[in-house]
Every structure is written in structure tokens, then in C-alpha cells.
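Geometric and topological summary
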Amino acid sequence: MTEKQTYAAEGFDWEGLREQAVEAAKHAYAPYSNFSVGVAGIADDGRLLQGCNVENAAYGVTLCAECGLVSSLHMTGGGRLTHVVCVNGSGEVIMPCGRCRQLLWENGGPELLLMTVSGVRPMSEVLPDAFGPEALA
């Protein structure tokens, strides 16, 4: 799939999105943990977005793959995430860490669909009682 191709809203191709996450993981920079992560998502206008983890010798400034995904979302026009899948370097579906679940919530909301280790789940189940912008009002 090229960057200009999009996914149809009906009959969503989760396996195709997982394959895009696998491709993204190939670009990860993980010399310290050797744990490559790739993520792929779809924006509400159908754009395909990808990200990979980028480690740093100062571990605290390591960027998770989802950080790249969200950055790509905003760099290419904004909008909301509708579908996301995250994989390890072996192509297995993995769960985003807590920080990344918060990023996904902020950029997709409770209806964002996430492929998890136990199937497709809305973010409202993955991050129940989430903290969001409305909590700052």
C-alpha cells in the first residue's frame, strides 16, 4: 500500500493495517533494548499513518512508535485517529504502554478502535476513565 492509498470505512482490513505496522517496525531504531515497535493507523479522512520507536542513550527521551504516529497525523493535516494497530519486531500485536494509550485517547477519543492482544477494542475499554481535555475545564 502506498502513502496515497486509503482504507475503506466498511469491511475494515485489520490484517492490511497490521502489515503496515510490521513495515514500520523495520525502521525502528532500537539498539539498546533490541525491541522494535511499529504502529499503523488510519485518520478519519482515510490517510494511512505509521510510526516506529526511536531509542536514545538517555532512555527517558526515547520515542515510542505511537509518538511518531501522532506526529504524522498532525504533520499531514490533523484530524482524528479511527483505527490503530501496534506490533513488535516479530509482527505480533502488542499493547501500547500507558503513556501511548493517553496519546491515542487524545488523538482518537473513546471511539478509536485498537487491535489488542484480545481483539479489537474501543479506547473506552483500553483506557477506562481516561483523563482528557474536558478534565481541564
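Before reading further, recall that the structure is shown in the block above.
In this text, all values refer to a predicted model and were calculated from it rather than measured experimentally. (Residues numbered from 1 in each chain as written. Predicted model: local features only at pLDDT ≥ 70, side-chain atom pairs only at ≥ 80, totals over all residues. Heavy atoms only, no water.)

1. Let's talk about the nonpolar core
Residues Leu69, Leu81, Val84, Leu104 and Met123 are the most contacted members of the largest nonpolar core, which totals 20 residues. Those elements that place two or more of their residues in this core are strand S1 (37–43), helix H2 (65–75), strand S3 (81–88), helix H3 (98–108) and helix H4 (123–126). Counting residues per element, this core draws most heavily on H2, at four residues. Setting aside residues up to four positions removed in sequence, Leu81 forms contacts with Ile42, Ala43, Leu49, Leu69, Val70, Leu73, Leu104, Asn107, Gly108 and Leu112. Membership of the second largest hydrophobic core comes to eleven residues, among which are Ala21, Ala25, Ile42 and Met115. (Core = buried A, V, L, I, M, F, W, Y, C linked by side-chain atoms within 4.5 Å. Buried < 20%, exposed > 50% of the residue type's maximum accessible area, 1.4 Å probe, protein only. Helix = DSSP H or I, 4+ residues; strand = E, 2+ residues; numbered from the N terminus. Contact = heavy atoms within 4.5 Å.)

2. Focus: a nonpolar patch on the surface
On the surface, Tyr29, Tyr32, Val54, Tyr59 and Leu63 cluster together to form a nonpolar patch covering roughly 520 Å² of accessible area. As for its placement among the helices and strands, Tyr32 is situated in the loop between helix H1 (14–25) and S1. (Patch = residues over 30% accessible without salt bridge, like charges linked within 9 Å, V, L, I, M, F, W, Y side chains within 5 Å. Areas by Shrake-Rupley, 256 points an atom, 1.4 Å probe, with all protein chains shown as cover. Salt bridge = Lys/Arg side-chain N within 4 Å of Asp/Glu carboxyl O.)

3. Considerations on the sheet that holds strand S4 (residues 113–116)
Pairing in this open sheet of five strands is mixed, and the strands run S2-S1-S3-S4-S5 from one edge to the other. Edge positions in the sheet fall to strand S2 (48–52) and strand S5 (119–122), since each of these pairs with one other strand and no more. Put simply, the sheet's adjacent strands are angled 20° from each other on average, direction ignored. Pairing of S1 with S2 involves five bridges; the strand directions are antiparallel. Paired with Ala40 across the strands is Gln50, a residue of S2. Across the sheet, H1 is in contact with S1, S2, S3, S4 and S5; its angle to S3 comes to roughly 55°. Packed onto the sheet, H2 meets S1, S2 and S3 and runs at close to 145° relative to S2. (Pairing = 2+ DSSP bridges. Axes fitted to C-alpha atoms, helices over the stretch in contact; angles between N-to-C directions.)

4. Considerations on the pattern of salt bridges
Overall, the coordinates contain four salt bridges when judged by the stated rule. Taking the shortest distance from any N to any O, the salt bridge between Glu15 and Arg18 comes out at 2.7 Å. Pair noted here: Glu15 and Arg18 are both in helix H1, with a separation of three residues, about one helical turn. You can call Arg18 partly exposed: its relative accessible area is 21%.

5. Here we look at the packing of H2 against H3
H3 packs onto H2 with a crossing angle of 20° between their chain directions and a minimal axis gap of 9 Å. Between H2 and H3, the crossing angle belongs to the class labelled roughly parallel. The interaxial crossing formed by H2 with H3 has left-handed handedness. Residue-level inspection shows Glu66, Cys67, Leu69, Val70, Leu73 and His74 of H2 in contact with H3, the latter providing Arg99, Cys100, Leu103, Leu104 and Asn107. Of the residues assigned to the contact of H2 with H3, the class counts are seven nonpolar, two polar and two charged. (Parallel < 35°, antiparallel > 145°, perpendicular 65-115°, else oblique. Left-handed = near helix turned anticlockwise from the far one by under 90°. Nonpolar A, V, L, I, M, F, W, Y, C, P; charged D, E, K, R; others polar.)

6. Quick notes on the packing of aromatic side chains
Scanning the model with the defined rule gives two aromatic pairs in all. Measuring from ring centre to ring centre gives 4.8 Å for Phe12 and Trp14, while their planes differ by 70°; the resulting arrangement is edge-to-face. Side by side, Phe12 and Trp14 carry an identical accessibility label, which is buried. Between Tyr32 and Tyr59 the ring centres are 6.0 Å apart and the planes differ by 70°, which places this aromatic pair in the edge-to-face class. Residue Tyr32 is located in the loop between H1 and S1, and its partner Tyr59 is located in the loop between S2 and H2; the two are separated by 27 residues in the primary sequence. Overall, Tyr32 belongs to the partly exposed group, its relative accessible area being 39%. (Phe/Tyr/Trp six-rings, centres within 6.5 Å; stacked < 30°, edge-to-face > 60°.)

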